[in-house]
Amino acid sequence: MRRKIIGIFVVGILLLTGFASVPSQAGPALQPLTSPDPQIIDMIQQVNESLLYYYNTHLTAFGPRYTGTENCTKASQYIYDEFQAMGLSVKFHNWTFDKFTDRNVVATLPGTDTSSNAIFIICAHYDTVEISPGAIDDGSGVSAVLATAKILSQHSFNYTIRFIAFSGEEVGLYGSYLYARDVSRRGDNIVGVINLDEIGYSNTMEGGRTFCFLCPSRSKWIGDFALTVSTLYIKQTNMTVELYQNLILSDHQSFVEYGFDAIFGQQYDSDEYYYEHISHSRNDTSDRINWTYITNVTKLVLAVVSELASTPLELQVIITTPYQGYSYFFNHPLLPLDFWKSSFSSLRGTTFIVGRTELNVDVIPYDDVETVLFCIDGNINGGVWEVAQPHYNWSIHTMFNTPLVGKHTVEVYVYTTSGKVAFDEINTIIYTI
Ligand SMILES: [Zn+2]
């Protein structure tokens, strides 16, 4: 009861002071970047065309890699062997969904900060449509992931990095969907994901020096971070970054649907790539790749991932329950909702809630916390302002007990006494009478 009174009081103060306009985008708080890191410059300089050419031509030599086919099995074994030869710990993540069975390849470089469970992911998809050798879609992304892994595996970083090659992308983002679902249920602390899909084509001056990050609103902080990294390392990469609105058409979307932050990296000249009928065709061959471009893009991406995995995470908030993609009945988890075949349904990862259900969040670290705000669709609905603690909870409902019916996003903002802000959200379909 005390908490409720304090909460309403805090909300009142916040509304009066204009604090109510919560930031439209935030993620975790990271220590600001100020200057290039000489070690990262050294790593960037190890990226070269022949390494990317080597991976791309080996991958396309398997031919079209339609999900579940023998070519996919061979290609995934090849990727597994390459990761293993780098000294990384590698696993297949096997999955079956709809009429497909296949496997993702996951390599891990453990972080040195043993007090943190934070994980960053760089990923691409190795499967193709039925007729295409997929040199650009998405052999280019997989080549960059492999080249980055090869160089980073010789170094250590504060936080864990996972390098992932997904299958099932072209048939409905299946491999990443099942992976994101599994790691979400396991409680993995995935802080940020960079997905690379079609990163090797360039035929204009502008396109040759520009890389695009398409950012879901909840993940815009990663795009902003990448933009800062690109300015710090422009001399080494010759690559600038432009940020765009999200497109749901690649594997990053699976992570977003399960409550993680993920962005989609793509070549600037994608329109030309489609007009020239290279996309999803027999013409998507290694000789179409602009090797200078893919090399510079890989340099940039390597810098972004290295900076993400080494820049101190100063504040993070994580919604631990309700689980994404689950149904709840008066606070009891009922059923996992695992049957959404279409990636366009926007229902993957959505949590269905009937009756008041408790929202639980973890704050890392928690000692400096001043305010925790619970919002629905951007409007403040509850506040907690008391002793800083690692866990907070709030019964999902609107203020003045108005019932919630329909599709809603529940958001949590955490503010510290030193002025840091962190954010997490969950997509729900709610009926709270
Ligand atoms: Zn693709």
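Residues numbered from 1 in each chain as written. Predicted model: local features only at pLDDT ≥ 70, side-chain atom pairs only at ≥ 80, totals over all residues.

1. A closer look at the nonpolar core
As a rule of thumb, nonpolar side chains are buried together in soluble globular proteins.
For step 1, the next point in the chain: Formed by 127 residues in total, the largest nonpolar core has its most connected members in Ala144, Val145, Val301, Val305 and Val414.
For step 2, the next point in the chain: Two domains share this core, each providing at least three of its residues, namely domain 1 (2-23 + 315-431) and domain 2 (32-311).
For step 3, the next point in the chain: Non-local contacts of valine 414, meaning those with residues more than four positions away in its chain, are made with Leu315, Val317, Val363, Val369, Val372 and Ala422. (Core = buried A, V, L, I, M, F, W, Y, C linked by C-beta atoms within 7 Å. Buried ≥ 20, exposed ≤ 12 C-beta atoms within 10 Å, placed from the backbone. Domains from an automatic or database assignment. Contact = placed C-beta atoms within 7 Å.)

2. A few points about the sheet that holds strand 14 (residues 358-364)
Backbone hydrogen bonds are what pair the strands of a sheet, in a parallel or an antiparallel way.
For step 1, the next point in the chain: Spatial ordering of the open sheet is given by 1-10-14-17, a layout of 4 strands whose pairing is antiparallel. Every other strand in the sheet has two partners, leaving strand 1 (29-30) and strand 17 (391-395) as the edge strands with one partner each.
For step 2, the next point in the chain: As paired elements, strand 10 (residues 313-321) and strand 14 share 5 bridges and run antiparallel to each other. Within the sheet, the bridge partner assigned to isoleucine 319 lies in strand 14 and is valine 361. (Pairing = 2+ DSSP bridges. Helix = DSSP H or I, 4+ residues; strand = E, 2+ residues; numbered from the N terminus.)

3. Re the confidence of the model for the chain
For step 1, the next point in the chain: Within the chain, residue pLDDT values average 91, and 93% of them lie at 70 or more.
For step 2, the next point in the chain: Contacts of residues 1-20 to residues separated by more than four positions or lying in other chains number 18 contacts, the stretch itself having pLDDT below 50. (pLDDT = per-residue confidence, 0-100.)

4. A look at the domain arrangement of the chain
For step 1, the next point in the chain: For the chain, the assigned domains are domain 1 (2-23 + 315-431) and domain 2 (32-311).
For step 2, the next point in the chain: A straight line from the C-alpha centre of domain 1 to that of domain 2 covers 31 Å.
For step 3, the next point in the chain: On the domain 2 side, the residues contacting the 14 residues of domain 1 number 15 residues.
For step 4, the next point in the chain: Of all the secondary structure elements, the ones that give two or more residues to the side of domain 1 that touches domain 2 are strand 10 and strand 19 (421-431).
For step 5, the next point in the chain: If you tally residues by element for the side of domain 1 that touches domain 2, the top one is strand 10, at 3 residues.
For step 6, the next point in the chain: Classifying every residue of the side of domain 1 that touches domain 2 by side-chain character gives 4 nonpolar, 6 polar and 4 charged. (Nonpolar A, V, L, I, M, F, W, Y, C, P; charged D, E, K, R; others polar.)

5. Remarks on the pairing of strand 11 (residues 326-329)
For step 1, the next point in the chain: Side chains Tyr326 and Tyr328 of strand 11 all project onto a buried face; the interleaved residues Ser327 and Phe329 project onto a face where none is buried.
For step 2, the next point in the chain: Pairing between strand 11 and strand 12 (residues 332-336): 4 bridges, direction antiparallel. What sits directly across from tyrosine 328, in strand 12, is proline 333.
For step 3, the next point in the chain: In sequence, strand 11 turns back onto strand 12 through a hairpin of 2 residues, with phenylalanine 330 there showing a positive phi of about 45°.
For step 4, the next point in the chain: Taken together, the 3 bridges between strand 11 and strand 13 (residues 351-354) define a ladder with parallel strand orientation. Across the sheet, the residue bridging to tyrosine 328 is isoleucine 353, located in strand 13.

6. Some words on the sheet that holds strand 11
For step 1, the next point in the chain: Within the open sheet, the 7 strands sit side by side as 12-11-13-19-18-15-16. Their pairing is mixed. Single-partner strands in this sheet number two, and they are strand 12 and strand 16 (379-384). The average angle at which neighbouring strand axes cross in this sheet is 30°, direction not considered. (Axes fitted to C-alpha atoms, helices over the stretch in contact; angles between N-to-C directions.)

7. Description of unusual backbone geometry
For step 1, the next point in the chain: Cis geometry is adopted by the peptide bond preceding aspartate 138, which originates at aspartate 137 and carries an omega value of 0°.
For step 2, the next point in the chain: For aspartate 138, the position within the fold is in the loop between strand 4 (118-125) and helix 5 (139-152).
For step 3, the next point in the chain: Following isoleucine 364, the chain continues into proline 365 via a peptide bond in cis, with omega recorded as -20°.
For step 4, the next point in the chain: In this fold, proline 365 is placed in the loop between strand 14 and strand 15 (369-376).
For step 5, the next point in the chain: Phi at phenylalanine 330 is positive, roughly 45°, even though this residue is not glycine.
For step 6, the next point in the chain: With respect to the helices and strands, the residue phenylalanine 330 is situated in the loop between strand 11 and strand 12.
For step 7, the next point in the chain: Overall, the presence of 11 C-beta atoms within 10 Å leaves phenylalanine 330 in the exposed class.

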